[in-house]
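Observations on the model geometry
Okay, here's what each chain looks like letter by letter:
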Number of protein chains: 2
Amino acid sequence: MFSIGELSRRTGVKIPTIRYYEQMGLIAAPDRTEGNQRRYSKDGLKRLSFIRHSRELGFSIDEIRELLDLSAHPEQPCNDAHQMAARRLADVQRRISRLQRLERELERISACDAHTIADCAVIETLADHSLCETEH
Amino acid sequence: MFSIGELSRRTGVKIPTIRYYEQMGLIAAPDRTEGNQRRYSKDGLKRLSFIRHSRELGFSIDEIRELLDLSAHPEQPCNDAHQMAARRLADVQRRISRLQRLERELERISACDAHTIADCAVIETLADHSLCETEH
DNA sequence: TCTTGAAGCTATAGTCGCTAGAGAGATTAT
DNA sequence: ATAATCTCTCTAGCGACTATAGCTTCAAGA
Ligand SMILES: [Zn+2]
Ligand SMILES: [Zn+2]
Ligand SMILES: [Zn+2]
Ligand SMILES: [Zn+2]
């Protein structure tokens, strides 16, 4: 049985975040001591680790709720899980390409060799998107 | 003189967002008609376009405030603007590499060829980060 | 056993950058 | 004149936390 602080240390999830997850119904309300403090089991630790890892991979709270439901039914087919991973992947790829376009523009404007604002490529570009090479 | 709706159409910034920017002090409160409706000038249009483009390139509201201040002083040196662009670029690059690590992991787990949750690589990986190839 | 300091409790509000809705008043076109 | 569309203010909500205040409980050392 761990206190919330120990659970936090073991999972890397901050204490207020653990309480927030409890409120959101992602983790069950754990048993309490006589003095009303939360005490977690190994299962609680596993569940929170699953949540943390899913968050790190970019799943939303709602998606994690679904993933937790899936993982509780080992005999079920895993198509749904595959679909969710595929959606996540597609989203990550969209973001990457958007950021890469930004990267190109920022590199371009960072190459400004003017000395005053009046001629600065950074300021000029911000004022006029048609100076950009790509859409964003 | 444009109404807020016309300003919105011309800049692509939604009406509530324009009012929000006014409240945040990014744009000055414009003149009003007798009936209390906002009327914008060409200058207002320019300023909002600058803001929109800066947002698209990823600058925060606070950074945009600084950039607008800079652009109002054409005779000043532009080092500050360069520094801000460089910080933005570095941040974009950090995000890209983080997303690329996620992309690799998501591609890996999406290659699951199991049929049930019990053996599904997606669920297994979420439960255990040590199955990952990279940090994230 | 007592004391002290760390840890935990609840409840509320704040973060960022918007976005949505209600209910009223203004403007424009026919 | 009337109807359709716009605009007004104000308030609340989004997601995923994070911070603060004021209190109570726990655990370890004297
Ligand atoms: Zn410059
Ligand atoms: Zn641009
Ligand atoms: Zn699978
Ligand atoms: Zn991992």
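To start, this report covers the structure provided alongside it. All figures in this text were calculated on a predicted structure; none of them were measured in a lab. Residue positions are given per chain, counted from 1 along the sequence in the order it is written. Naming scheme: in the order in which they are written, chains are lettered from A and ligands are numbered from 1. The predicted origin of the model limits local features to residues at a pLDDT of at least 70 and limits the giving and counting of side-chain atom pairs to 80 or more, whereas totals for whole chains, interfaces and linings rest on all residues. Heavy atoms from the whole structure form the basis of all side-chain values; hydrogens and water molecules are not counted.

Here's the deal with the overall build of chain A
In plain terms, the rule: Runs of E in the DSSP output that reach at least two residues are strands. Runs of H or I that reach at least four are helices, and both are numbered from the N terminus. Atoms counted for the radius of gyration: C-alpha only. Globule rule: 2.2 Å times the number of residues to the power 0.38. Residue burial is assigned from relative accessible area. The probe radius is 1.4 Å, only protein chains are included, and a residue is buried under 20% of its type maximum, exposed over 50%, and partly exposed in between. Note on definitions: a residue-residue contact is assigned when non-hydrogen atoms from the two residues lie within 4.5 Å.
Within chain A, the secondary structure is distributed over 6 helices and 2 strands. Counting from the amino terminus, chain A carries its helices and strands in the arrangement α-α-β-β-α-α-α-α. Here the C-alpha atoms of chain A give a radius of gyration of 23 Å, more than 25% beyond the 14 Å that 2.2 N^0.38 yields for 136 residues. Overall, the C-alpha framework of chain A stretches about 70 × 40 × 20 Å when taken along its three principal axes. Split into buried and exposed, the 136 residues of chain A put 41% on the buried side. In chain A, of all internal contacts separated by at least 6 residues, the share reaching a separation of at least 24 is 48%.

Thoughts on the interface of chain B and chain A
Note on interface size: it is often stated as the accessible area lost on association of the parts. For the record, the criterion: Joining two parts hides part of their accessible area as seen by a 1.4 Å probe, and the buried area is that hidden amount summed over both. A carboxyl oxygen of Asp or Glu within 4 Å of a side-chain nitrogen of Lys or Arg is what we treat as a salt bridge. Distance and chemistry together define a polar contact, namely a pair of N or O atoms within 3.5 Å, with one atom able to donate a hydrogen and the other to accept it when in protein, and with adjacent residues in sequence counting only for side-chain atoms on both sides. Under this grouping Gly is polar, as are all residues other than the nonpolar Ala, Val, Leu, Ile, Met, Phe, Trp, Tyr, Cys and Pro and the charged Asp, Glu, Lys and Arg.
Across the contact, 52 residues belong to chain B and 51 residues belong to chain A. Carbon and sulfur atoms supply 75% of the area buried between chain B and chain A, which totals about 4200 Å² over both sides. Run the count over chain B and chain A and you get 0 salt bridges. At the junction of chain B and chain A, the tally comes to 20 residue pairs in polar contact (both at pLDDT 80 or more). Among the secondary structure elements, those contributing two or more residues to the side of chain B that touches chain A are helix 3 (42-56), helix 4 (61-71), helix 5 (79-110) and helix 6 (121-127) of chain B. Counted by class, the side of chain B that touches chain A contains 28 nonpolar, 15 polar and 9 charged residues.

Some words on the coordination of the zinc ion (ligand 1)
Convention followed: Distances define the donors: N, O and S atoms within 2.8 Å of the metal qualify, as do those within 3.2 Å of Na, K or Ca. Water is excluded, so some sites may look unfinished. Square planar and octahedral sites, with four and six donors, are those where opposite donors lie more than 155 degrees apart and all other angles lie between 65 and 115, tetrahedral sites have four donors with every angle between 85 and 135 degrees, and the rest are irregular.
Looking at the zinc ion (ligand 1), the protein donor atoms are Cys-112 of chain A (SG), Cys-120 of chain A (SG), Cys-78 of chain B (SG) and His-82 of chain B (NE2), and they sit 2.0 to 2.5 Å from it. One can describe the site at the zinc ion (ligand 1) as tetrahedral: its 4 donor atoms subtend angles covering 88 to 132 degrees at the metal. On the criterion of chain membership, the pair formed by Cys-120 of chain A in the loop between helix 5 (79-110) and helix 6 (121-127) and His-82 of chain B in helix 5 is interchain, its members lying in two chains.

Considerations on unusual backbone geometry
Trans is the common state for peptide bonds, and a negative phi is the common state for residues other than glycine. We note that Asn-36 of chain A has phi near 80 degrees; this positive angle belongs to a residue other than glycine. Locating Asn-36 of chain A in the fold gives a position in the loop between strand 1 (31-32) and strand 2 (38-39).

A word on the protein's contact with DNA strand D
For clarity, the threshold we go by: Put simply, a residue is near a molecule or strand once any heavy atom of it comes within 4 Å of that molecule or strand.
Within the structure, DNA strand D sits among 20 residues, and Tyr-21 and Arg-55 of chain A together with Ser-3, Arg-19 and Arg-38 of chain B are positioned closest to it. Here DNA strand D approaches the protein such that, of its atoms within 4 Å, sugar and phosphate make up 87%. At 3.5 Å, a backbone N or O of Ile-61 of chain A approaches a phosphate oxygen of DNA strand D. Contacts to DNA strand D include Arg-32 of chain B, whose side-chain N or O atom sits 3.1 Å from a phosphate oxygen. Of all elements in the fold, only helix 2 (15-23) of chain A together with helix 1 (4-11) and helix 2 (15-23) of chain B reach the threshold of two or more residues within the surface near DNA strand D. It is helix 2 of chain A that provides the largest number of residues to the surface near DNA strand D, a total of 4 residues. Tallied by class, the residues present in the surface near DNA strand D amount to 6 nonpolar, 9 polar and 5 charged.

As for the relation of the copies chain B and chain A
Heads up, the rule is: We superpose the copies by least squares over the C-alpha atoms of residues that have a pLDDT of at least 70 in both of them.
Overlaying chain B with chain A gives an RMSD of 0.1 Å, the required rotation being 180 degrees about an axis along which the chain moves by 0.0 Å. Within this description, the copies of the chain are treated as partners about a two-fold rotation axis. When each C-alpha of chain B is compared by its distance to the rotation axis, Ile-96 of chain B comes out closest, at 2.9 Å. When the interface residues of chain B are mapped onto chain A, 98% of them again lie at the interface, so the same face is used by both copies.

Looking at the protein's contact with DNA strand C
Close to DNA strand C lie 20 residues; Gly-5, Arg-19 and Arg-38 of chain A together with Tyr-21 and Arg-55 of chain B are nearest. Contact distances for DNA strand C include 2.5 Å between a phosphate oxygen and a side-chain N or O atom of Arg-19 of chain A. Here Arg-55 of chain B contributes a side-chain N or O atom positioned 2.7 Å from a phosphate oxygen of DNA strand C. Top element by residues in the surface near DNA strand C is helix 2 of chain B. It accounts for 4 residues.

Section: the side chain of Glu-22 of chain A
Tracing the backbone shows Glu-22 of chain A in helix 2. The class of Glu-22 of chain A is buried, set by a relative accessible area of 14%.

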